[in-house]
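Tertiary structure, described
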Amino acid sequence: MNRTRQRAQRIAIIGIFSAILLLQTFVPFLGYLTIIPGMPGISLILIVVMVGAILMGPRDGAILGLIWGIVSLIHAYTTPGTVTFILFTNPIIAILPRVFVGWLAGGLPRLLAKTKLPQPFSLGLTGLLGAIANTMLVILLTSLIFMGNSAPLLNLLGLKGNTDNLIILLMLSLGVNGIAEAIGGAVVVPLLAIPLKHVWDRRQL
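This report concerns the structure included in the present document.

Bringing the overall build of the protein chain into the picture now. Within the protein chain, the regular secondary structure consists of eight helices and two strands. Along the chain direction, N to C, the helices and strands of the protein chain fall in the order α-β-β-α-α-α-α-α-α-α. Put simply, the protein chain has 205 residues, and 47% of those count as buried. Within the protein chain, counting contacts between residues at least 6 apart in sequence, those at least 24 apart form 71% of the total.

Next up on the list: the nonpolar core. By size, the foremost hydrophobic cluster in this structure holds 26 residues, and its most contacted members are Phe17, Met56 and Trp68. Secondary structure elements with two or more residues in this core: helix H1 (3–26), helix H2 (45–56), helix H3 (58–77), helix H5 (91–113), helix H6 (119–146) and helix H8 (163–203). With 11 residues, the single largest contributor to this core is H2. Here tryptophan 68 is in contact with Leu21, Tyr32, Ser43, Ile45, Leu46, Val49, Arg98 and Asn134, once residues within four sequence places are set aside.

Space inside the second largest pocket adds up to approximately 310 Å³. Contributing to the lining of the second largest pocket are 13 residues, with Gln6, Arg7, Arg10, Arg59 and Asp60 lying nearest its centre. If you list the elements that add at least two residues to the lining of the second largest pocket, you get H1, H2 and H3. Sort the elements by how many residues they give to the lining of the second largest pocket and H1 lands first, with five residues.

With that settled, consider the pattern of salt bridges. Taken as a whole and assessed by the stated rule, the structure comprises two salt bridges. For aspartate 60, the salt bridge identified is with arginine 59, shortest N-O distance 3.8 Å. Classification of aspartate 60 by relative accessible area gives buried; the value is 4%. Here arginine 59 falls in the exposed class, since its relative accessible area comes to 57%.

Once that is clear, we can look at H2. Think of an α-helix as turning once every 3.6 residues; residues three or four places apart then point the same way. Taking 1.5 Å as the rise per residue, H2 with 12 residues should run 16 Å; its terminal C-alpha atoms sit 17 Å apart, in good agreement. Summarising burial for H2: 12 of the 12 residues are buried, a large majority. Immediately downstream of H2, the backbone of glycine 57 shows phi near 105 degrees, a positive value.

So, how was this worked out
- Residue positions are given per chain, counting from 1 as you read along its sequence in written order.
- Thresholds applied to this predicted model are a pLDDT of at least 70 for local features of residues and 80 or more for the giving and counting of side-chain atom pairs; totals over whole chains, interfaces and linings are not thresholded and use all residues.
- Each side-chain value is derived from all of the structure's non-hydrogen atoms; neither hydrogens nor water enter the calculation.
- Here a strand is any run of E in DSSP of at least two residues, a helix any run of H or I of at least four, and the numbering for each starts at the N terminus.
- Three exposure classes are used, based on accessible area relative to the maximum for each residue type with a 1.4 Å probe and protein chains only: buried under 20%, partly exposed in between, and exposed over 50%.
- In this description, contact between two residues means that some pair of their heavy atoms is separated by no more than 4.5 Å.
- Remark: nonpolar core denotes a set of buried residues (Ala, Val, Leu, Ile, Met, Phe, Trp, Tyr, Cys) joined through side-chain atoms within 4.5 Å.
- Cavity means a closed set of points on a 1 Å grid over the protein atoms alone, one where a 1.4 Å probe fits but cannot get out, pocket means an open set with protein on both sides within 12 Å along at least 5 of 7 lines, and lining means a residue has an atom within 4 Å of a point.
- Grid points are joined across faces, edges and corners, and a volume is the space filled by probe spheres set on the points.
- Note on definitions: salt bridges are taken to be side-chain nitrogens of Lys or Arg within 4 Å of carboxyl oxygens of Asp or Glu.
- By this rule, a helix spans an expected 1.5 Å times one less than how many residues it contains.

Right under this line is the structure:
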């Protein structure tokens, strides 16, 4: 396939994935599963970003992550009065973990391919580590940014504003979501990525 056609195809695929991300973000239940009202939901968008990154590589994966982060930022401003609003209206928290996850999911399968691991295992590991990286980065960045001013976040949940409660809150809420996302990533990412990657690789010939 010539480079002009590859570039056009790449732009088209990014556009398709971006449209899916928009639908998942703004159509209820397509992108997030809310278990605790007011808290960030379990992200299904994460799986879509990782699958797209696996198909197209780390650079385009980072672009998909950037798009997800920007959409998350916009979405947070449309849901005021929630923990999601307080966390993800911060561009650093909303964007940086997403970009890293897209880059990681695009590059890790290529690295693991050199180890001769079975493809389902390497893609499952990619889904697992990508989800864990997203959760841990959100927790880390939130801790750093809100450690000196945790009162708004904690008062929203009726908790006393101190650092210990902030850490407990983050570990319980985001940690529970992170476990669910990691399991989902490990199971669902290979199921979606393997057949799509087979088609993608054939189209690159």
